[in-house]
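Next come the chains, spelled out residue by residue.
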Amino acid sequence: MMPPPKAKPGEVAPNPDEGMLQAIREGSLLERKNKPGIACAHLFTGSGDAATEVLLFFPRGVDPITVAEKVVTLESRFALFHLSVKFSLKEMLYKGELAL
């Protein structure tokens, strides 16, 4: 991500990454074995020193992720990029429950 340009006092600087952020949100999916994927519901960007960071949020829905699924994969496609990261659900337990 590109840091946003500095705005003049009283103005809001346009986000040069708006198109890229939209593509990331639309191209991101949590995949589970033998179940439909979960599409990204919201995307938030950081500000200040964290302006180049992006947080993806996925809904829990009627068929939430469970520990029994063991692994979920984040697939994100945008522009020429393809990001694929596997997450072990065993590592996401807090006090015996999933902390997603």
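Basis of the calculations
Residues numbered from 1 in each chain as written. Predicted model: local features only at pLDDT ≥ 70, side-chain atom pairs only at ≥ 80, totals over all residues. Heavy atoms only, no water. pLDDT = per-residue confidence, 0-100. Helix = DSSP H or I, 4+ residues; strand = E, 2+ residues; numbered from the N terminus. Pairing = 2+ DSSP bridges. Axes fitted to C-alpha atoms, helices over the stretch in contact; angles between N-to-C directions. Contact = heavy atoms within 4.5 Å. Phe/Tyr/Trp six-rings, centres within 6.5 Å; stacked < 30°, edge-to-face > 60°. Buried < 20%, exposed > 50% of the residue type's maximum accessible area, 1.4 Å probe, protein only. Polar contact = N/O pair within 3.5 Å; in protein donor to acceptor, adjacent residues only side chain to side chain.

Caption draft 1: Main features of the confidence of the model for the chain. On average, the chain scores 85 in pLDDT, and the residues at 70 or more come to 90%. The lowest-confidence element of the chain is strand 8 (residues 97–98), averaging 80 in pLDDT; the highest-confidence one is strand 1 (residues 28–32), averaging 94.

Caption draft 2: Broad picture of the sheet that holds strand 5 (residues 71–78). The strand order 2-1-5-6 describes an open sheet built from four strands, whose pairing is antiparallel. Pairing within the sheet leaves two strands with one partner each, and these edge strands are strand 2 (35–39) and strand 6 (81–88). The sheet shows a mean angle of 20° between the axes of neighbouring strands, taken without regard to direction. As paired strands, strand 1 and strand 5 are joined by four bridges and run antiparallel to one another. When the sheet's bridge partners are listed, Ser28 is paired in strand 5 with Ser76. Its contacts with the sheet place helix 1 (residues 18–26) against strand 1 and strand 5, and it is angled at close to 145° to strand 5.

Caption draft 3: Broad picture of the packing of aromatic side chains. Here the structure, examined in full by the defined rule, presents two aromatic pairs. Between Phe44 and Phe57, the aromatic rings sit 5.2 Å apart at their centres with planes inclined by 80°, giving edge-to-face as the arrangement. With Phe44 in strand 3 (residues 42–45) and Phe57 in strand 4 (residues 54–57), this pair connects stretches of sequence that are 13 residues apart. Among the residues examined, Phe44 registers a relative accessible area of 45% and is labelled partly exposed. Ring centres of Phe78 and Phe81 lie 5.5 Å apart, and the angle between their planes is 35°; on these two criteria the pair is classed as tilted.

Caption draft 4: Molecular detail of the environment of Val54. With respect to the secondary-structure elements, Val54 resides in strand 4. Here Val54 falls in the partly exposed class, since its relative accessible area comes to 29%. Note: C-alpha distance between Val54 and Ile24 (30 residues apart in sequence) is 9.4 Å.

Caption draft 5: Quick peek at the side chain of Ser28. In this fold, Ser28 is placed in strand 1. Judged by its relative accessible area of 1%, Ser28 is buried. A distance of 2.6 Å separates the side chain of Ser28 from the backbone oxygen of Ile24, its partner in a polar contact. In this structure Ser28 touches Ile38, Ala39, Cys40, Leu56, Phe58, Glu75 and Ser76, once residues within four positions along its chain are discounted.

Caption draft 6: Up close: the environment of Gly46. Among the structural elements, Gly46 can be located in the loop between strand 3 and strand 4. C-alpha of Gly46 to C-alpha of Leu80: the two residues are 34 residues apart in sequence and 23 Å apart in space. Setting aside its immediate chain neighbours within four residues, Gly46 contacts Ala51 and Glu53.

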